[in-house]
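Spelled out from the first residue to the last, the chains are:
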Amino acid sequence: MAEFKLRGMGVALVTPFKQDKSVDYDALERMVEYVIEGKTDYIVVLGTTGETPTLFPEEKERIKEVIIRRNAGRVPLLVGVGGNNTQAVINELESTDFSGFEAVLSVVPYYNKPSQEGLYHHYREIADASPLPVILYNVPGRTGVNMTASTTLSLANSCPNIIGIKEASGNFAQIEEIIKNKPDRFEVISGDDSITYPLMTLGAVGVISVIGNAFPMEFGRMVRLCLDGKFQEALPIHWRFNELFNLLFVDGNPAGVKCALNALGLIENELRLPLVPTRMSTNEKIHKLLDSLYTPSVHERTLHNRK
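Report on the accompanying structure.

## Some thoughts on the overall build of the protein chain
Step number 1: Tallying secondary structure elements over the protein chain gives 14 helices and eight strands in all.
Step number 2: Taken against the 2.2 N^0.38 rule, which gives 19 Å for 307 residues, the C-alpha radius of gyration of the protein chain at 18 Å falls within 12% of a compact globule.
Step number 3: Each principal axis of the C-alpha distribution contributes one length, and for the protein chain these read about 50 × 45 × 35 Å.
Step number 4: The burial tally for the protein chain puts 56% of its 307 residues in the buried class.

Structure (structure tokens):
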């Protein structure tokens, strides 16, 4: 059985934009370098945090090319491939060159509100078509439907090409049931920064992180300590970021983390409609909180990236 390479902290990379709303590819390269220097374990390309619904096909292709080139094989790459039209997802899986990627992350179909049976067959088809291992992504707050533990476990047991799930339901009982009853080759990844610590005490193998864009070294250290079973050492880091967890999402994702990254001098604070930057009151709170969270390592890296 192949080793599961997506343990630890993966960063759901933002897509930086210029003031004219075009993709800022120079800033994208800085972000790749920043999170790798911050010891991220892997990078998630074209995920929700990357504002993929507002990206055009040619932009997505160039984003993938830029990240693959800048990464140069240093960390594994996970790419988002999902949608609410099963056949369209299959067509993309069968026609795309996935060289440079470790696996695909495929979100539960949104808006359609399929039944659990529909979700099962959707993912069975995707698993059969995908040339790469598949990681499920359950995020009912965005998709409008929750994939139950029973459906997840049925897929985990019947589809060898489905190797894990990014669980962002926030339902501890559901996630605990998956962790308790999953096959050994299937892993659970936290989809929420704020509950990563408790989920890792239950057996999750890491997180696909938003806050890791801004604090890869600091938050990643907490995740690595948890992987090593050093939960007492990790807990103070969890508490240290607790207020920021809430602030980054109060006006939606990725508005909060883009505000933080702008304060760190890494990107412009630009989003594409229908998303907008954080409210001024949230902006001020984030800036104030960042001042208290700064460490020498953060200063050194951000100053380097501003050059």
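## Topic: empty space enclosed by the protein
Step number 1: By the definition in use, this model includes one cavity of 30 Å³ or more.
Step number 2: Of the voids in this model, the largest cavity is the one considered here, and its volume is about 40 Å³.
Step number 3: Lining the largest cavity we find Leu13, Val14, Thr15, Leu28, Val45, Leu46, Gly50, Ile63 and Ile67.

## Describing the side chain of Thr152
Step number 1: When you line up the elements, Thr152 lands in helix H6 (residues 149–158).
Step number 2: With a relative accessible area of 0%, Thr152 lands in the buried category.
Step number 3: Apart from the residues lying within four places of it in its own chain, the contact partners of Thr152 are Leu136, Met147, Ile165, Ile178 and Phe186.

## A few points about the packing of helix H4 (residues 116–129) against H6
Step number 1: Packing of H4 against H6 leaves a shortest axis separation of 10 Å and a crossing angle of 25°. It follows that H4 is roughly parallel to H6 by the angle criterion. Relative to H6, the crossing made by H4 is right-handed. Residue-level contacts link Gln116, Leu119, Tyr120, Tyr123 and Arg124 of H4 to Thr151, Ser154, Leu155 and Ser158 of H6.
Step number 2: Each residue belonging to the contact of H4 with H6 can be placed in one class, and the counts come to four nonpolar, four polar and one charged.

## Section: helix H2 (residues 57–71)
Step number 1: If you check H2, its first and last C-alpha atoms are 21 Å apart, about what 15 residues at 1.5 Å a residue would give, namely 21 Å.
Step number 2: For H2, the set of buried residues is Glu59, Ile63, Lys64, Val66, Ile67 and Asn71. Projected onto a plane normal to the axis of H2, the buried residues spread over an arc of 165° and lie on a single side. Away from its buried face, by an angle of more than 90 degrees, H2 presents the exposed residues Pro57, Glu58, Glu65 and Arg69.
Step number 3: Buried residues along H2 sit against helix H1 (25–37), strand E2 (42–45) and strand E3 (77–80).

## Remarks on the pattern of salt bridges
Any two side chains of opposite charge can pair, on the condition that their charged atoms come close.
Step number 1: Under the definition given, this model contains 13 salt bridges.
Step number 2: Of the charged contacts, one joins Glu51 and Lys258 as a salt bridge, the two residues approaching to 2.6 Å between their closest N and O atoms. Here Glu51 is found in the loop between E2 and H2, whereas its partner Lys258 is found in helix H12 (residues 255–263), with 207 residues between them in sequence. Comparing Glu51 with Lys258, the two get one shared label, buried.
Step number 3: The residue Arg272 makes a salt bridge to Glu59 at a minimum N-O spacing of 2.7 Å. One end of the pair, Arg272, is in the loop between H12 and helix H13 (280–293); the other, Glu59, is in helix H2, and 213 residues separate them in sequence.
Step number 4: Given a relative accessible area of 12%, Glu59 falls into the buried group.

## Brief notes about the packing of aromatic side chains
Step number 1: In total, this model carries four aromatic pairs according to the counting rule given.
Step number 2: Relative to Phe241, the ring of Phe219 has its centre 6.2 Å away and its plane inclined at 85°; by these criteria the two rings are edge-to-face. With Phe219 in helix H9 (residues 216–227) and Phe241 in the loop between helix H10 (231–240) and helix H11 (242–249), this pair connects stretches of sequence that are 22 residues apart.
Step number 3: Residue classification places Phe241 among the buried residues on the basis of a relative accessible area of 0%.
Step number 4: Considering the side-chain rings of Phe219 and Phe245, the 5.8 Å spacing of their centres and the 75° angle between planes classify their relative orientation as edge-to-face. Here Phe219 is found in helix H9, whereas its partner Phe245 is found in helix H11, with 26 residues between them in sequence.

What counts as what
- Each chain carries its own residue numbering, running from 1 in the written order of its sequence.
- In view of the model being predicted, local features appear only for residues whose pLDDT reaches at least 70, and side-chain atom pairs are presented and counted only at 80 or more, with totals across whole chains, interfaces and linings using the full set of residues.
- Water and hydrogen atoms were dropped before computing side-chain values, which therefore reflect all heavy atoms in the structure.
- What counts as a helix is a DSSP run of H or I of at least four residues, what counts as a strand is a run of E of at least two, and both are numbered from the N terminus.
- Radius of gyration here uses only the C-alpha atoms, and the compact-globule reference equals 2.2 Å multiplied by the residue count raised to the power 0.38.
- The cut-offs for exposure are 20% and 50% of the maximum accessible area for each residue type, with area from a 1.4 Å probe on protein chains only; residues under the lower value are buried, those over the upper are exposed, and the others partly exposed.
- Within this scheme a cavity is a closed region of a 1 Å grid, computed over the protein atoms alone, that accommodates a 1.4 Å probe without allowing it to escape, whereas a pocket is open but has protein on both sides within 12 Å along at least five of seven lines; lining residues each have an atom within 4 Å of a point.
- Grid points are joined across faces, edges and corners, and a volume is the space filled by probe spheres set on the points.
- Two residues qualify as a contact provided that any one of their heavy atoms is within 4.5 Å of a heavy atom in the partner residue.
- Every axis in this analysis is a line fitted to C-alpha atoms, fitted for helices over the stretch in contact. Angles between the N-to-C directions lie between 0 and 180 degrees.
- An angle below 35 degrees is read as roughly parallel, one above 145 as roughly antiparallel, one from 65 to 115 as roughly perpendicular, and any other as oblique.
- The handedness criterion is simple: a crossing whose near helix is rotated anticlockwise from the far helix by less than a right angle is left-handed, and one whose near helix is rotated clockwise is right-handed.
- Basically, the charged four are Asp, Glu, Lys and Arg, the nonpolar ten are Ala, Val, Leu, Ile, Met, Phe, Trp, Tyr, Cys and Pro, and anything else, Gly included, counts as polar.
- Given the number of residues in a helix, its expected span is that number minus one, multiplied by 1.5 Å.
- Regarding the arc, it is the one traced by the directions from the helix axis to the C-beta atoms.
- One side-chain nitrogen of Lys or Arg within 4 Å of one carboxyl oxygen of Asp or Glu is enough to make a salt bridge.
- Each pair of aromatic rings taken from Phe, Tyr and Trp, with Trp reduced to its six-membered ring, is defined by centres within 6.5 Å and is described as stacked if the planes are under 30 degrees apart, edge-to-face if over 60, and tilted in the remaining cases.

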